[in-house]
Amino acid sequence: MGPVAALLAVVLGTGLAVEGVRDGARMERVREVPGGVVDLSVPLEQTWEWRGDVGPEQTADDWPMTVVAVLGGSIVFPSDEDVVALDPASGDLLWTVPLGDNPICGPLGAVHWGEVTARRLTCVAGPPLARVARVIEADGTVSAERTLDAADDARYGSVRPGPDGLLVRARRVGPPDAVDVSAARCTDDGCTGTVEDGRDLTLRAEEVGTGEVRWTVTVPFRPTGADLCTGWYESSWSGGNQNRTYDSTIDAESFGGTVTDGLVQLQGCGVESAVTPDGVVFGLDQDPGTWGVTDLRGGGYAVFEGDGRTVLRDAAGDVVGETEGYLTQATADDGTAPEVLLTTTEEERSAVEPDGTTLWTDDTAGVWQLFLARVGRTAVVQTMAGLEGLDLRTGETLWETVDSEQVGFGVRAFTDGRFVMLSDMFGGGPAMRVVDPVSGDVLWERALPGADVRTGPWADPDSALVAVAGHVVQITAGGVRGLG
């Protein structure tokens, strides 16, 4: 080999080695981030299948909702009377924890609305007078267990799995005659007026193993529009059907809740609020139906207030910054720093840092529907018209797809740090579509096995894709598939 050829071989070899190191670092990084997938450069194919019940038993009146958790690099879910953990790479059964009759576990996430990464699960199961609560760790071990006193339901409210290994109980408190619905009216044509007075709600968090009360908070009743007092919430606190709505019936006592690792979100007549795992309450100074709160993956919370501002708060509830407009974080993020958040008002849109510092603002009014993905300094966002690529350093529009039929409003996003995959769950677009975030070019597009290209995964209303430790997993009520 001549000297020039030898030098070229050394240079190329070094370059390939450096590129290999960088690619390895990228793959390890995306295994740990929301929506992170190791490789999206080639079309995904089915690699394994597990068949069985996924999620709690549902009735014909329930809204289809399959719930799972991402726990310690595995996909975890209730199945019959057990909790099951699968390896996302192979589909192998990693562990099973027997629970008993009528199990409920949490925090779990509905696969349509977002992946839930939990540190541990709390489960309650067994006959009505001998329910057992357990804390299940990421390796399947039970770290705490207690048989519950059935009388506590009457004293403190129905029990539900809470965040970070807690049990939470909630109930209305105060005299029944405190309820005043005289100024509210609902008919088959809709609701008018306001429920002026009602009963407060007390939320109590207990340690599973000892029953020790970690904290108790009371949410005072606030006057609420009649349309928010008809059972509109996602699920009742004491159980029963999900999304049950009585359009012509006012129920000032109704309330429900959803639990993630970062928040207990309370919905219901007069008591809409959110409580952190440490008992910090948000929303008490806001009119029901006008505000919202998001726990930020970098820590803290973004509280959108009724006056059009978003206030950024830390875990203790203290204000660390604020910005005008509604703030969103990327549903899929490649894990590179620094994080950037997007805000939208009626007049403009902006990019801000987690402390509220504005990076740029432009006069494009109210166009963001969803912040789908961030790859380095580039964002992919969904608008009412289609898709858009943005340079997060300047706000420059890099590309646009002006075709609302190409992407629906139930879109999940994934990234491998180079490309972005969009999955439409409700049939408005392709089941899997991978784009270059800088150019908008479509790398590949295809349906999942057994589904038409213009339909959602498996064409089932309760089916969706999630990312687990760098792998794409398809979840339905009747089974789980691995794609790779």
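Computed from a predicted structure; not experimentally measured.

## Concerning the confidence of the model for the protein
Considering every residue of the protein, the mean pLDDT works out to 85; 83% of them sit at 70 or more. Predicted confidence is poor over residues 6–12, with pLDDT under 50, and the contacts of this stretch with residues over four places away or in other chains come to one contact. Scored below 50 in pLDDT, residues 240–246 shows 21 contacts in the model against residues more than four places distant or in partner chains.

## Regarding the side chain of aspartate 164
Turning to its location among the elements, aspartate 164 is positioned in the loop between strand 11 (158–161) and strand 12 (166–173). There is a polar contact of 2.3 Å between the side chain of aspartate 164 and the side chain of arginine 120. Every residue in contact with aspartate 164, bar those within four places of it in the chain, is listed here: Arg119, Arg120 and Asp261.

## Here we look at the state of the cysteines
All told, the structure shown has three disulfides when counted by the stated rule. Shown here is the disulfide that connects cysteine 105 with cysteine 123, its sulfur atoms set 2.1 Å apart. One quick way to see it: the torsion about the S-S bond of cysteine 105 and cysteine 123 is about 115 degrees, and its sign makes the bridge right-handed. With cysteine 105 in strand 6 (residues 104–106) and cysteine 123 in strand 8 (residues 121–125), this pair connects stretches of sequence that are 18 residues apart. Grouping residues by exposure puts cysteine 105 and cysteine 123 together as buried. Sequence-ordered numbering of the bonded cysteines in the protein yields a pairing of 1-2, 3-4, 5-6.

## Points about the sheet that holds strand 40 (residues 471–476)
Reading across the sheet, the four strands line up as 1-41-40-39 and stay open at both edges, with antiparallel pairing between neighbours. Both outer strands of the open sheet, strand 1 (46–51) and strand 39 (464–468), are each paired with one neighbouring strand and no more. Ignoring which end each strand starts from, the neighbouring axes of this sheet average 25 degrees apart. Judged from the five bridges that link them, strand 1 and strand 41 (residues 479–483) form a sheet pairing that is antiparallel. Along strand 41, the bridge assignment pairs tryptophan 50 with valine 480.

## Observations regarding the nonpolar core
The biggest cluster of nonpolar side chains holds 17 residues, and the ones touching the most others in it are Val76, Val83, Trp95, Leu99, Leu121 and Ile136. Counting only elements with at least two residues in this core, the list comes to strand 2 (67–71), strand 4 (82–86), strand 5 (93–98) and strand 8. Counting residues in each nonpolar core, the second largest holds 16 residues, with Trp237, Leu266, Val271 and Val275 among its members.

## Quick notes on the environment of alanine 469
In this fold, alanine 469 is placed in the loop between strand 39 and strand 40. Look at alanine 469 and you get partly exposed, because its relative accessible area is 24%. Placed 382 residues apart in sequence, alanine 469 and aspartate 87 show a C-alpha to C-alpha distance of 9.4 Å.

## Looking at the pattern of salt bridges
Here the structure, examined in full by the defined rule, presents 28 salt bridges. The salt bridge involving glutamate 388 is made with arginine 349; its shortest N-O contact spans 2.9 Å. Placement of glutamate 388 in strand 33 (residues 386–391) and of arginine 349 in strand 29 (residues 349–352) is noted, with a sequence separation of 39 residues between them. Arginine 349 matches glutamate 388 in its accessibility class, with the two residues each being buried. Salt bridges sharing partners connect three or more residues here, namely Arg119, Arg120, Glu137, Asp164 and Asp261.

## Focus on a negative patch on the surface
Judged by side-chain charge, Glu324, Glu346, Glu347, Glu348 and Asp363 come together as a negatively charged surface patch. Along the chain, the position of glutamate 324 falls in strand 25 (residues 319–324). Judged by its relative accessible area of 46%, glutamate 324 is partly exposed.

## Considerations on unusual backbone geometry
A cis amide bond, omega 0 degrees, links glycine 106 with the succeeding residue proline 107. Mapped onto the fold, proline 107 is located in the loop between strand 6 and strand 7 (109–110). Residue aspartate 80 is not a glycine yet carries a positive backbone phi of 55 degrees. With a phi close to 50 degrees, aspartate 164 is a non-glycine residue in the positive phi region.

## Describing the sheet that holds strand 13 (residues 184–187)
A sheet is described by the order of its strands in space; here three strands give the open sequence 13-14-17, paired in antiparallel fashion. Two strands lie at the open edges of the sheet, namely strand 13 and strand 17 (224–225), each paired on one side alone. In the sheet, strand 14 (residues 190–195) pairs with strand 17 via two bridges, with the strands oriented antiparallel. Each bridged residue has a counterpart across the sheet, and for threonine 194 the counterpart in strand 17 is glycine 225.

Here is what the cut-offs are and how they apply
Residues numbered from 1 in each chain as written. Predicted model: local features only at pLDDT ≥ 70, side-chain atom pairs only at ≥ 80, totals over all residues. Heavy atoms only, no water. pLDDT = per-residue confidence, 0-100. Contact = heavy atoms within 4.5 Å. Helix = DSSP H or I, 4+ residues; strand = E, 2+ residues; numbered from the N terminus. Polar contact = N/O pair within 3.5 Å; in protein donor to acceptor, adjacent residues only side chain to side chain. Disulfide = S-S within 2.5 Å. Buried < 20%, exposed > 50% of the residue type's maximum accessible area, 1.4 Å probe, protein only. Pairing = 2+ DSSP bridges. Axes fitted to C-alpha atoms, helices over the stretch in contact; angles between N-to-C directions. Core = buried A, V, L, I, M, F, W, Y, C linked by side-chain atoms within 4.5 Å. Salt bridge = Lys/Arg side-chain N within 4 Å of Asp/Glu carboxyl O. Patch = residues over 30% accessible without salt bridge, like charges linked within 9 Å, V, L, I, M, F, W, Y side chains within 5 Å. Areas by Shrake-Rupley, 256 points an atom, 1.4 Å probe, with all protein chains shown as cover. Lys, Arg positive; Asp, Glu negative; His and termini not counted. Charge placed at Lys NZ, Arg CZ, Asp CG, Glu CD.

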